[in-house]
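Listed here are the chains, written in short residue letters.
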Amino acid sequence: SAKKLGRNCWQFYQSAMNDEAQERLRIEGALRSAVERNEFVLHYQPQVDLATGRIVGMEALLRWQHPELGMVPPQRFIGLAEETGLIVPIGAWVMRTACAQAKAWQDAGLPPLRVAVNLSARQFAQPDLVASIEAVLAETGLPPACLDLELTESLFVDDVAQAVELLHQLKALGVKMSIDDFGTGYSSFSYLRTFPIDVLKIDRSFIADIASDADEAAIVVSIIALARNLKLRVIAEGVEAQGQLDFLRAHGCDEMQGYYFSRPVPAGEFEQLLKSGRELDGMQQLLRA
Ligand code: C2E
Ligand code: MG
Ligand code: MG
Ligand code: MG
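Residues numbered from 1 in each chain as written. Chains lettered and ligands numbered in written order. Predicted model: local features only at pLDDT ≥ 70, side-chain atom pairs only at ≥ 80, totals over all residues. Heavy atoms only, no water.

- Per an unreviewed UniProt entry, the chain goes by the name EAL domain-containing protein and belongs to Pseudoduganella flava.

As structure tokens, this is what we get:
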């Protein structure tokens, strides 16, 4: 019957939808309660000064430990959190936790470090963004210059004038600002002149083959030169090998972040890393030579 046929169609449609849609619904539901249930945790990845070999900063990276789904990587839930708006409370938790942690390490007498926090488009569009960051700085007592906001180029495409205005308000708080994944997005060089940013983070897709691919190498050398000329600091992301490190150092890159030095690690492990005084391999010999 037509009724039965319709029902079969529905079932067919439903089963095709099943995997992806059900997974989304499941994750969305779980995401809603994740903050209250304390299922989020931040890992920290060191940012190392290439001239001294020392840790000068860290990026806070969100991890979701779900009781049944296990460790859910950010790629599997940030997009959904963004679409549903859940990224706003989650991002607020990240900001508070990262700033409080950085301040706690300073209070414990560890060398003062910068903490980098990723901001999503949805957070960037919140009318109270500046006030909420100001409140977190006041609450935690973290010096504003120790907070580094990581922004992606995609945040600037919609309304450039409004983005510039917002960045100036953030800048007035005294925080630092970085362009994350630089080179992968809307790389209009004109915004680099008008935006009050401090750091370019070269996307790791450019770093992967710098030691072997002449084109990739040329791009990275150009980004470093661009940053230098604009008096911005430049950080290479995704450094995994000595060859990449040597290349970056030879071309005057300021800092590196990547598995070669350390993966993102839980706070306790990061603290051990700081206390151990570990520096980039070979730096001491290099400086003494
Ligand atoms: P991102 O901000 O570009 O962060 C760098 C990513 O590269 C991290 O992935 C880090 O673990 C990874 N990475 C670092 N060094 C290496 C390396 O040497 N090799 C390789 N293969 N990967 C490396 P992760 O932690 O999975 O985060 C992925 C993305 O999720 C981040 O990219 C960021 O866009 C987003 N994200 C993470 N935490 C947050 C957050 O708190 N808020 C928001 N809005 N987004 C976040
Ligand atoms: Mg980042
Ligand atoms: Mg990045
Ligand atoms: Mg990224």
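Text resumes after the structure shown.
**Examining the pairing of strand β5 (residues 147-152)**
Inference 1: In terms of residue burial, β5 counts as a mostly covered element, since 5 of its 6 residues are buried.
Inference 2: Sheet analysis places strand β4 (residues 114-118) next to β5, joined by 4 bridges and oriented parallel. Across the sheet, the residue bridging to Val117 is Leu149, located in β5.
Inference 3: Since β5 and strand β6 (residues 176-182) lie parallel, the crossover through helix α6 (residues 160-173) that links them has a hand, and here it is right-handed. (Buried < 20%, exposed > 50% of the residue type's maximum accessible area, 1.4 Å probe, protein only. Helix = DSSP H or I, 4+ residues; strand = E, 2+ residues; numbered from the N terminus. Pairing = 2+ DSSP bridges. Right-handed = clockwise from strand over helix to strand, strands pointing away.)

**Remarks on the layout of surface pockets**
Inference 1: In this structure, the largest pocket spans a volume of roughly 1,100 Å³.
Inference 2: As for the largest pocket, its lining consists of 39 residues, of which Glu59, Leu61, Pro74, Gln75 and Asn118 are closest to the centre.
Inference 3: Those elements that place two or more of their residues in the lining of the largest pocket are β2 (55-66), α2 (78-84), α3 (87-107), β4, α4 (121-124), β5, β6 and α8 (204-207).
Inference 4: Residue contributions to the lining of the largest pocket peak at 5 residues, all from β2. (1 Å grid on protein atoms, 1.4 Å probe; cavity = no way out; pocket = protein on both sides within 12 Å on 5 of 7 lines; lining within 4 Å. Points joined across faces, edges and corners; volume = space filled by probe spheres on them.)

**A look at the environment of Lys103**
Inference 1: Structurally, Lys103 is set in helix α3.
Inference 2: Setting aside its immediate chain neighbours within four residues, Lys103 contacts Thr140, Gly141 and Leu142. (Contact = heavy atoms within 4.5 Å.)

**Considerations on the site of ligand 1**
Inference 1: Close contacts around ligand 1 come from 22 residues, with Arg63, Asn118, Asp180, Glu240 and Tyr259 the closest.
Inference 2: Between ligand 1 and Leu62, the relevant distance is 3.1 Å, taken from a nitrogen atom to a main-chain nitrogen or oxygen of the residue.
Inference 3: Contact between ligand 1 and Asp181: an oxygen atom at 3.1 Å from a side-chain N or O atom of the residue.
Inference 4: Expressed as a share of its isolated accessible area of 800 Å², the protein-covered part of ligand 1 is 85%.
Inference 5: If you map ligand 1 onto the pockets, it falls in the largest pocket.
Inference 6: Elements supplying a minimum of two residues to the shell around ligand 1: β2 and β6.
Inference 7: Here the shell around ligand 1 takes 4 residues from β2, the largest share from any one element. (Near = heavy atom within 4 Å. Polar contact = N/O pair within 3.5 Å; in protein donor to acceptor, adjacent residues only side chain to side chain. Areas by Shrake-Rupley, 256 points an atom, 1.4 Å probe, with all protein chains shown as cover. Sits in = over half its atoms within 2 Å of the grid points.)

**Things to note about the nonpolar core**
Inference 1: Counting residues in each nonpolar core, the largest one holds 86 residues, and the members touching the most others are Phe124, Leu147, Phe156, Leu170, Leu200, Leu248 and Phe270.
Inference 2: At 9 residues, the largest contribution of residues to this core is made by α3. (Core = buried A, V, L, I, M, F, W, Y, C linked by side-chain atoms within 4.5 Å.)

**Overview of the environment of Leu80**
Inference 1: By the element assignment, Leu80 lies in helix α2.
Inference 2: Note on Leu80: relative accessible area 8%, which makes it buried.
Inference 3: Distance from Leu80 to Glu68, taken between C-alpha atoms, is 18 Å for residues 12 residues apart in sequence.
Inference 4: Apart from the residues lying within four places of it in its own chain, the contact partners of Leu80 are Arg24, Ile27 and Glu28.

**A closer look at the pairing of strand β8 (residues 233-237)**
Inference 1: Burial of β8 is extensive: 4 of the 5 residues sit out of reach of the surface.
Inference 2: Judged from the 4 bridges that link them, strand β7 (residues 199-202) and β8 form a sheet pairing that is parallel. Pairing of Leu200 across the sheet is with Val234, part of β8.
Inference 3: Inspection of the sheet shows β8 paired to strand β9 (residues 255-257) by 3 bridges, in the parallel sense.

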